[in-house]
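Below are the chains, spelled out letter by letter.
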Amino acid sequence: MVEKIKAELKATFADLAIAEESYPQSGYHLSVDLTAKDILNVARFFDGRGFYLAVELCVDYKDYLEIVYIFSIHSSLCKVKATLKLDPVQPVAPTLSGIFDCAYWYEREIREFYGVLFDGHPNMTYLFLHEGIDFYPLRKDRVPVSEQDKQELNSYSPEQREDSLSINMGPQHPSTHGVLRVVLRMDGEYIEDASPVLGYLHRMQEKMAENRTYQQFLPNTGRMDYLGAMSFNLGYVTAVERLTGIDVPARAHYVRVIATELNRISSHLLWVGAYLADLGGLSPFLYVFDDREHILDVLEAVTGSRLTYCYFRFGGLYNDVDDAFVLGTKAFVARMRGRFSLYEKLVGGNVIFINRTRGIGVIAKERARKYAVSGPVLRGAGIGMDLRKAEPYAAYPEMDFEVPTGKNGDALDMYHVRVKEMETSLDIIDQALALLADGPFMVEKAPKKLKPRKGDLYHVVETPRGELGIYIVSDESDKPYRMKWRVPSFSNLMAFPELAKGNLLSDAVAILGSLDLVIPEIDR
Amino acid sequence: MNKVLDLARANSLWPVTFGLACCAIEMMSAAMARFDIDRFGAGVFRPSPRQADLMIVSGTVTKKMAPVVLTLYDQMPSPKWVIAMGNCAISGGPFVFEGQYNLIEGVDKLIPVDVYVPGCPPRPEGLLEGFLKLQEKITGKRRFPGPVERW
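Analysis parameters
- Residues numbered from 1 in each chain as written.
- Chains lettered and ligands numbered in written order.
- Predicted model: local features only at pLDDT ≥ 70, side-chain atom pairs only at ≥ 80, totals over all residues.
- Buried ≥ 20, exposed ≤ 12 C-beta atoms within 10 Å, placed from the backbone.
- Helix = DSSP H or I, 4+ residues; strand = E, 2+ residues; numbered from the N terminus.
- Pairing = 2+ DSSP bridges.
- pLDDT = per-residue confidence, 0-100.
- Right-handed = clockwise from strand over helix to strand, strands pointing away.
- Contact = placed C-beta atoms within 7 Å.
- Nonpolar A, V, L, I, M, F, W, Y, C, P; charged D, E, K, R; others polar.
- Axes fitted to C-alpha atoms, helices over the stretch in contact; angles between N-to-C directions.
- Core = buried A, V, L, I, M, F, W, Y, C linked by C-beta atoms within 7 Å.
- Domains from an automatic or database assignment.
- Parallel < 35°, antiparallel > 145°, perpendicular 65-115°, else oblique.
- Left-handed = near helix turned anticlockwise from the far one by under 90°.

> Would you mind showing me how to read the pairing of strand β4 (residues 65–73) of chain A here?
The two faces of a sheet get side chains in turn, since along a regular strand they alternate between them. Residues and elements named next belong to chain A. Where burial is concerned, most of β4 is hidden: eight out of the nine residues are buried. Here strand β3 (residues 51–60) runs beside β4; their pairing, made up of nine bridges, is antiparallel. The residue of β4 that forms the bridge with V59 is E66. Two strands pair when backbone bridges link them, and β4 and strand β5 (residues 80–86) are joined in this way by seven bridges, in the antiparallel orientation.

> I tried to follow the confidence of the model for chain B on my own but got confused; where do I start?
In low-pLDDT segments, the atomic positions of the prediction should not be examined closely. Residues and elements named next belong to chain B. The share of residues in chain B with pLDDT of 70 or more is 100%, and the mean pLDDT across the chain is 86. The secondary-structure element of chain B with the lowest mean pLDDT is helix α1 (residues 2–10), recorded at 85, while strand β3 (residues 115–117) shows the highest, at 91. In the model output, the complex is listed with pTM 0.90 alongside ipTM 0.86.

> Before we go on, may I ask you to explain the pairing of strand β1 (residues 54–58) of chain B in this structure?
All names here are of chain B. β1 sits mainly inside the fold: five of its five residues count as buried. Of the two faces of β1, the one holding L54, I56 and S58 and the one holding M55 and V57 are both buried throughout. In this view, the connection linking β1 to its parallel neighbour strand β2 (residues 81–85) by way of helix α3 (residues 66–75) has right-handed handedness.

> Looking at this structure, how should I read the interface of chain A and chain B?
Interface extent is often summarised as the accessible area lost during association of the parts. Facing the 28 residues of chain A at the interface are 29 residues of chain B. Elements supplying a minimum of two residues to the side of chain A that touches chain B: α6 (205–211), α7 (214–224) and α10 (283–303) of chain A. A per-element tally of the side of chain A that touches chain B places α10 of chain A first, with four residues. Of the residues that constitute the side of chain A that touches chain B, the class distribution is 15 nonpolar, eight polar and five charged.

> Could you clarify how one ought to interpret the environment of A411 of chain A in this entry?
Residues and elements named next belong to chain A. Take A411: it is sitting in helix α16 (residues 411–435). With 29 C-beta atoms packed within 10 Å, A411 lands in the buried category. For the pair formed by A411 and V377, sequence separation is 34 residues and the distance between their alpha carbons is 8.7 Å. Non-local contacts of A411, meaning those with residues more than four positions away in its chain, are made with T357, I360, G361, A510, I511 and S514.

> Would you mind going over the sheet that holds strand β13 (residues 455–463) of chain A with me for this structure?
Hydrogen bonds along the backbone pair up the strands of a sheet, which may run parallel or antiparallel. Residue and element names in this part refer to chain A. Strand order in this open sheet of three strands is β13-β14-β15, and the pairing throughout is antiparallel. The strands lining the two open edges of the sheet, one partner per strand, are β13 and β15 (482–486). Mean inter-strand twist for the sheet, computed between neighbouring axes without regard to direction, equals 15°. Here β13 pairs with strand β14 (residues 466–474) via nine bridges, running antiparallel.

> I'm lost on the nonpolar core in this one. Help?
In terms of nonpolar packing, the biggest core is built from 213 residues, with L53 and C102 of chain A together with V57, A84 and M85 of chain B touching the most fellow members. A per-element tally of this core places helix α9 (residues 250–278) of chain A first, with 16 residues. If sequence neighbours within four positions are ignored, C102 of chain A has contacts with L53, K370, Y371, A372, S491 and M494 of chain A.

> When you look at the sheet that holds strand β10 (residues 190–197) of chain A in this model, what are you seeing that I'm missing?
Residue and element names in this part refer to chain A. Reading across from one edge, β8-β9-β10 is the order of the three strands in this open sheet, with antiparallel pairing throughout. At either end of the open sheet lies a strand with only one pairing partner, and these are β8 (165–169) and β10. Ignoring which end each strand starts from, the neighbouring axes of this sheet average 20° apart. With five bridges connecting them, β8 and strand β9 (residues 181–187) associate as antiparallel partners. Pairing of M169 across the sheet is with V182, part of β9.

> Is there a simple way to explain the domain arrangement of chain A in this structure?
Residue and element names in this part refer to chain A. Each assigned domain of chain A is listed here: domain 1 (2–153), domain 2 (165–197) and domain 3 (205–523). Put simply, the middle of domain 2 and the middle of domain 3, counted by C-alpha atoms, are 27 Å apart. Listed as interface residues are 15 residues of domain 2 and, on the opposing side, 18 residues of domain 3. The set of elements that each furnish at least two residues to the side of domain 2 that touches domain 3 consists of β9 and β10. The dominant element in the side of domain 2 that touches domain 3, judged by the number of residues it contributes, is β10, at six residues.

> What is the right way to read the environment of V148 of chain B from this model?
All names here are of chain B. For V148, the location among the structural elements is in the segment after α5 (124–139). Exposure remark for V148: the 5 C-beta atoms within 10 Å place this residue in the exposed category. Placed 118 residues apart in sequence, V148 and A30 show a C-alpha to C-alpha distance of 21 Å.

> Can you walk me through the environment of E344 of chain A in this structure?
Residue and element names in this part refer to chain A. Counting through the fold element by element, E344 comes out in helix α11 (residues 323–348). The exposure class assigned to E344 is exposed, which follows from the 12 C-beta atoms found within 10 Å. In the structure, E344 is positioned 28 residues away from G316 in sequence and 38 Å away in space, judged by C-alpha atoms.

> It is not clear to me how the packing of α9 of chain A against α10 of chain A should be interpreted in this structure. Could you clarify?
For any two helices packed against each other, the geometry is given by the interaxial angle and the distance between the axes. All names here are of chain A. For the pair α9 and α10, interaxial distance at closest approach is 9 Å and the crossing angle is 160°. On the basis of the axis angle, α9 is roughly antiparallel to α10. Crossing angle aside, the handedness with which α9 passes α10 is left-handed. Each of A259, L262, I265, S266, L269, L270, V272, G273, L276 and A277 in α9 lies in contact with α10, whose residues at this interface are P284, F285, V288, F289, D291, R292, I295, L296, V298 and L299. Here the residues of the contact of α9 with α10 are counted per class, giving 16 nonpolar, two polar and two charged.

And the structure:
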């Protein structure tokens, strides 16, 4: 696949600088240097071959700004990094939002954090930030926002029409699970247009990452996605291990998988409860929290915390697991297997639930690709991509498990996918427990001061909500030069306006819930 | 007469359903079967601030969120109380660093806070203790025995 794409790229664009990269080191196969006139054609080239735009980000190298595009494909393993250099004084780039819908938000993000203007972008206004911030936060030098830019950034106001009504859903709303605000334009009971407003919980994580060492940033990962904290932990430590070349002992790998899968189950359980509570069924909430507390007991005993875990270290684990952990996990697995029939009776077979979710929020495969949605939402749409299988990390290459997919891509399918994923997680835990052998849980000489190699890395892991991509640029110091978090909920939420359009207001809650959003992860 | 009213208020605190960040999950845990906040009469979470008399600020307050928190507080009828749950709401917690641009370092810069519950996030027991402290503040005496001091 990589060879084929490379040959086709060369044939189509004769004057492009295409380089082959080492995938184990950098996380992508090809890198392409672009000029502003090529970028649209290159994007169309990848669009035509079924690629999706995994992330679009910006790095400030002081002499120039660099826009980085990562193209990836669902059906096989082929990643391409395309870069575009910009002038730091007046940065202007062509927009990709006409080709890949997900670029629409990424470009707004780059605009407010770096001041890059995207030519032809329909809406260059604040997404995360607000007018109280008078400089571009992620620029290395302090670059003030000019009055004219501020006015332009602040010019967004929801469109008002004579015959329609604007409703604010959030930021304080019980069913947005945090501080998300969605401005809905209504025609009677039907939604004409929905536009999410983000940034109510923007905690400057990417700025923080540049200010502290790799180790010091570790606790932040658990606070980004607090429901899937283990997955974020795992993603971060595996990324940094890949960058610095630390090997991890086998026992640590298995424990990592067990802990991450337990955390995945607790995250999906909470989703089932919260989603049903959104739809008006409050009793499942009590059942799932009961099950969840059993997981928390097991994890708390080894990690020391109930929610925002920081269990993994570069080169292993914080401490070893004991027999009580193994027994507790086994007991939980046995208990959980017996609970699925209960959930089937309580939720899956419930007529009210089925009627409220069937045919609601249907996302087609093609649209899912354009929005770069991932995780259970993507699998619900029928594309069976799971990064644990596609790009295995930790001990996942040895695990044998199914990837559940849906048929219709509606909210009901996403429920079934998540429930089946809990079952596969139990299978994985069983296998990992069987393989867990004695041995060290930490490399013997874990370096106190990390020495990463120079260069960049795009590392992905599968979190309970989908593809987490971590893009790190290292300048060989023990602090990252730039760290970008490509978070799954962000791209999943991007699809919401399209899914909600034409639906009833009450169904908007059902659609928003089915995407399983965690707001601090979106806002970072 | 006021004493009777205070007793009634302390034992039926109605919190507003207002989750900000990670701490909100522990707040939900506290309301569920194992920790059961209902035992102390504070389990009636109201989605509307107009029906509530207690605000649990459970998470980081950013500059963009600050006006919303203020509005919610103003919408609550008096007498009303505030619990700052977690380090973020107390002082900005782990997200304070030199050059930060989007954080309110402590919700007490915006609204008066009655009880602070430290932790990142606090355990549900911590939140329950916070409730007992608030009840003590309202009525003037503690209803349940406090934790044993061991250290």
